[in-house]
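# Descriptive structure summary
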Amino acid sequence: MKKLFVFAAFIAAVLLSACSDDSELGGNDPQPQPEVPVQEPPTVSFENESLIFTTKVSQMIEIKPIYTHNEDATYAWSIENKVISTDPDLQFTSEESGSFYITITVKNEGGEDSEEIRIDVRDLEAPAVSLPGSEKGYMLVEGTQLELKPIVESKSEAHYRWTMNEQEVSTEKDYTFKESVRGEYAMKFAAENEDGADFVEFVIRVCSADEVDFKWTFLQTEYNVALGRTICLKAIDIENGKDAVYTWTKDGEQVQQNANPEYYFTAESEGRHEVIVEMNNGRLTAAKTLVVNVCPAEGQFYRAKSDANNAFSVKVYEFLPAPGQFVNENYVANTMEEACVYAQGRLDQHAYVSLGGFGGSLTVGFDHSIDNTGDYDFAIEGNPFDGSSEPGVVWVMQDENGDGLPNDTWYELKGSEYGKPETITDYAVTYYRPKSPKSNVAWTDNKGNSGEVDYLGDYHRQDYYYPAWVESDTYTLRGTCLKSRSYDKSGNGTYWVNPAFDWGYSDNFSATDLDKKENLFKISNAVTFDGREANLKYIDFVKVQCAINFKCGWIGEVSTEVFAVRDANMNAK
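Residues numbered from 1 in each chain as written. Predicted model: local features only at pLDDT ≥ 70, side-chain atom pairs only at ≥ 80, totals over all residues. Heavy atoms only, no water.

Take the overall build of the chain next. Looking only at helices and strands, the chain has two helices and 44 strands in total. Expected size for 573 residues packed as a compact globule is a radius of gyration near 25 Å; at 40 Å, the chain overshoots this value by more than 25%. Buried residues in the chain amount to 43% of all 573 residues. Sequence-distant contacts in the chain: of pairs separated by 6 or more residues, those separated by 24 or more amount to 69%. About 30,300 Å² of surface is accessible on the chain, with carbon and sulfur atoms providing 47% of the total. Treating the 49 positive side-chain charges of the chain as one cloud and the 95 negative ones as another, the clouds have centres 6 Å apart. (Helix = DSSP H or I, 4+ residues; strand = E, 2+ residues; numbered from the N terminus. Rg over C-alpha atoms; globule rule 2.2 N^0.38 Å. Buried < 20%, exposed > 50% of the residue type's maximum accessible area, 1.4 Å probe, protein only. Contact = heavy atoms within 4.5 Å. Areas by Shrake-Rupley, 256 points an atom, 1.4 Å probe, with all protein chains shown as cover. Lys, Arg positive; Asp, Glu negative; His and termini not counted. Charge placed at Lys NZ, Arg CZ, Asp CG, Glu CD.)

Turning our attention to helix α2 (residues 336–348). Taking 1.5 Å per residue, 13 residues should reach 18 Å; α2 reaches 18 Å between its end C-alpha atoms and fits that length. Taken together, the buried positions of α2 are occupied by A339, C340, Y342, A343, Q344 and L347. In this fold, the buried residues of α2 make contact with β28 (315–320), β29 (353–354), β30 (361–371), β43 (561–562) and β44 (564–567). Of the residues one or two after α2, H350 is the one with positive phi, at around 55 degrees. (Expected span 1.5 Å × (residues − 1).)

This part is about the pattern of salt bridges. Enumeration according to the criterion identifies 25 salt bridges in this entry. Between R303 and D540 there is a salt bridge; the shortest N-O distance is 2.9 Å. Of this pair, R303 sits in the loop between β27 (285–295) and β28 while D540 sits in strand β42 (residues 538–546), and the two are 237 residues apart along the sequence. Taking the relative accessible area as the measure of exposure, R303 reaches 29% and is therefore partly exposed. Judged by relative accessible area, D540 falls into the buried class, the value being 0%. The structure contains a network of salt bridges with shared partners spanning K234, D237, E262, D426 and R478. (Salt bridge = Lys/Arg side-chain N within 4 Å of Asp/Glu carboxyl O.)

A few words now on the nonpolar core. Residues F319, L362, F378, I380, V396, Y431 and V542 are the most contacted members of the largest nonpolar core, which totals 51 residues. Counting residues per element, this core draws most heavily on α2, which supplies five residues. In this structure I380 touches V394, S506, K517, E518, N519, F521, V542, V544, V562, A564 and V565, once residues within four positions along its chain are discounted. Core analysis: the second largest hydrophobic core is formed by 21 residues, V225, W248, V277 and L290 among them. (Core = buried A, V, L, I, M, F, W, Y, C linked by side-chain atoms within 4.5 Å.)

This part is about the pairing of strand β31 (residues 378–381). Of the two faces of β31, the one holding F378 and I380 and the one holding A379 and E381 are both buried throughout. In the sheet, β31 pairs with β44 via four bridges, with the strands oriented antiparallel. What sits directly across from I380, in β44, is V565. (Pairing = 2+ DSSP bridges.)

Now for the sheet that holds strand β5 (residues 74–79). Each strand in a sheet pairs with another by means of backbone hydrogen bonds, the pair being arranged parallel or else antiparallel. Reading across the sheet, the five strands line up as β2-β9-β8-β5-β6 and stay open at both edges, with mixed pairing between neighbours. Single-partner strands in this sheet number two, and they are β2 (52–56) and β6 (82–85). In this sheet, neighbouring strand axes are inclined to one another by 35 degrees on average, regardless of whether the strands run parallel or antiparallel. Across eleven bridges, the pairing between strand β8 (residues 98–108) and strand β9 (residues 111–122) is antiparallel. If you follow G98 over to β9, its bridge partner there is V121. (Axes fitted to C-alpha atoms, helices over the stretch in contact; angles between N-to-C directions.)

Taken in spatial order, the six strands make up an open sheet running β28-β30-β42-β32-β33-β41, and their pairing is antiparallel. Looking at the sheet topology across the chains shown, the edges are occupied by β28 and β41 (526–527). In the sheet, strand β32 (residues 392–397) pairs with strand β33 (residues 410–413) via three bridges, with the strands oriented antiparallel. Within β33, the position partnered with W395 by the bridge is E412. The strands that α2 touches are β28 and β30; relative to β28, the one it contacts most, it runs at about 120 degrees.

On the surface, E40, E71, D72 and E109 cluster together into a negatively charged patch. Looking at the secondary structure, you find E71 in the loop between β4 (66–68) and β5. Classification of E71 as partly exposed rests on a relative accessible area of 48%. (Patch = residues over 30% accessible without salt bridge, like charges linked within 9 Å, V, L, I, M, F, W, Y side chains within 5 Å.)

For the structure shown, the criterion picks out 29 aromatic pairs. When the centroid spacing of 5.3 Å and the interplanar angle of 75 degrees are considered together, the rings of F177 and Y185 count as edge-to-face. The buried category is assigned to Y185, whose relative accessible area is 9%. Members of the aromatic cluster, each reached through a chain of ring pairs, are Y160, W162, Y175 and F189. (Phe/Tyr/Trp six-rings, centres within 6.5 Å; stacked < 30°, edge-to-face > 60°.)

This brings us to unusual backbone geometry. Positioned with a positive phi, D237 is a non-glycine residue whose angle comes to about 50 degrees. The residue K438 is not glycine, and still its phi comes out positive at about 55 degrees. Mapped onto the fold, K438 is located in the loop between β34 (424–432) and β35 (441–445). Assessed through its relative accessible area of 33%, K438 is described here as partly exposed.

Let us look at a nonpolar patch on the surface. Side chains of Y459, W554 and I555 sit close together on the surface and give an oily, nonpolar patch of about 310 Å² of accessible area. On the basis of relative accessibility, which here comes to 47%, the residue Y459 falls in the partly exposed class.

Our next topic: the state of the cysteines. By definition, a disulfide is the covalent link that joins the sulfur atoms of two cysteine residues. Evaluated as defined, the whole model comprises zero disulfides. Cysteine C232 shares no disulfide, and the gap to the nearest cysteine sulfur, in C295, comes to 18 Å. Left without a disulfide partner, C340 is nearest to the cysteine sulfur of C546, which lies 18 Å away. (Disulfide = S-S within 2.5 Å.)

As structure tokens, then:
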């Protein structure tokens, strides 16, 4: 009995315990497990909200994203689905310029996030140095000075260094050479910035007055002129001409001897005439032979117009612009002939032909002679408007020798600025080919000034503004230069105004021209080299030449545009 009671008590205890457990667990429901924390997905962001980063060729850039919830995460930087790094931060270097689109993907068990960035790799921008005129070195008379003003193109701050015979003499950009002891001095100018350096080297020779070379230039050695007219034969760009005496002979007979380097030749008899000018300064002599072809009197080669003739010019004989932002843009011309074909095609469409900066010109001819009516005789179409005039001086020529080419005498058409003290005649600007693409074009003038035609990469991206068909590394353009009226109306460089001149210029918003797209011209305004009336009865050729040497900030150089040239007394077909 005692054992049975103990067993029964044990069973009862077990049953009681089971009932108690079922009550606490709610019957037959499973026992709950401990909660496991859920991992949140990672995120990636950048302090640079534009997601655009910049660096330069061969220079490393480190990109550091901002991550959240990136415990136990993996990272993948990829370009076009190709992984380039698996580190959280990216160290990127490129040997080529361009834009690179890179995706960063961060991933863990909670999920993933990604973002695309752009890295712009720019070319190195080492300074570019030029010193116009230094190519052949300099020769100075003892006791004189020479101001050296190099042109430095640098996107960042540059440091300068001048050395003379390998000894540093200055760390300024400009330098005045003052050495008076005779001899040769090896000069070097260097500019350096964070991307590199450039330099120019040349020699300055200091010598006595007796040792200095004499130099002169003649624009042409052969002239054509109609019987009865007078032309000027002239030596220009004379260097070291102190105490020079010029002796002129015509057909073997001395006609002039004095300090004047020019001679007025009057065409008194038809035929070929030889003129020799000899310079003597007591130390040396120099001579030049010129030929003057005296042609028949005016009228011999006149070409009357008919209904079959074209009112517009029919041929471009020369297109020689100064460097400018539209030169070489959207066309290829490697020879003067190709350049003329391009320009004629533009005129045929009444599309602009840009003459670039000062001195750039366009010469056209007609299929008939244009008569001098005493009134307006021909018109030149441009694109001026109120506040935007880019005047061109106009020249006319008669086919005096009858060969159909503009190789005779040019006569300037006087305009409102002719003869004013601020108007410069025989102004010359020399332009220098840039050393590298997408660079400014340096220039010097015959008044001792220098400057640059700016490269405007935001608007015109051709490699060079220097005409591709000019073979030499320098070229000089001459003509009449008007004093610029351009000014910055805004005061901060954003609004430039080019006011008009009164009358007598192309691409000029003149009050005397009723049609503001065309400027009208009178042959009767043609003048000779000394300002006298030319009294031309007709013309056969017209030349337009940019008359301003000025640049207007972001707008660029003042540049005459020509759209068409026409006989104003004929109906256009």
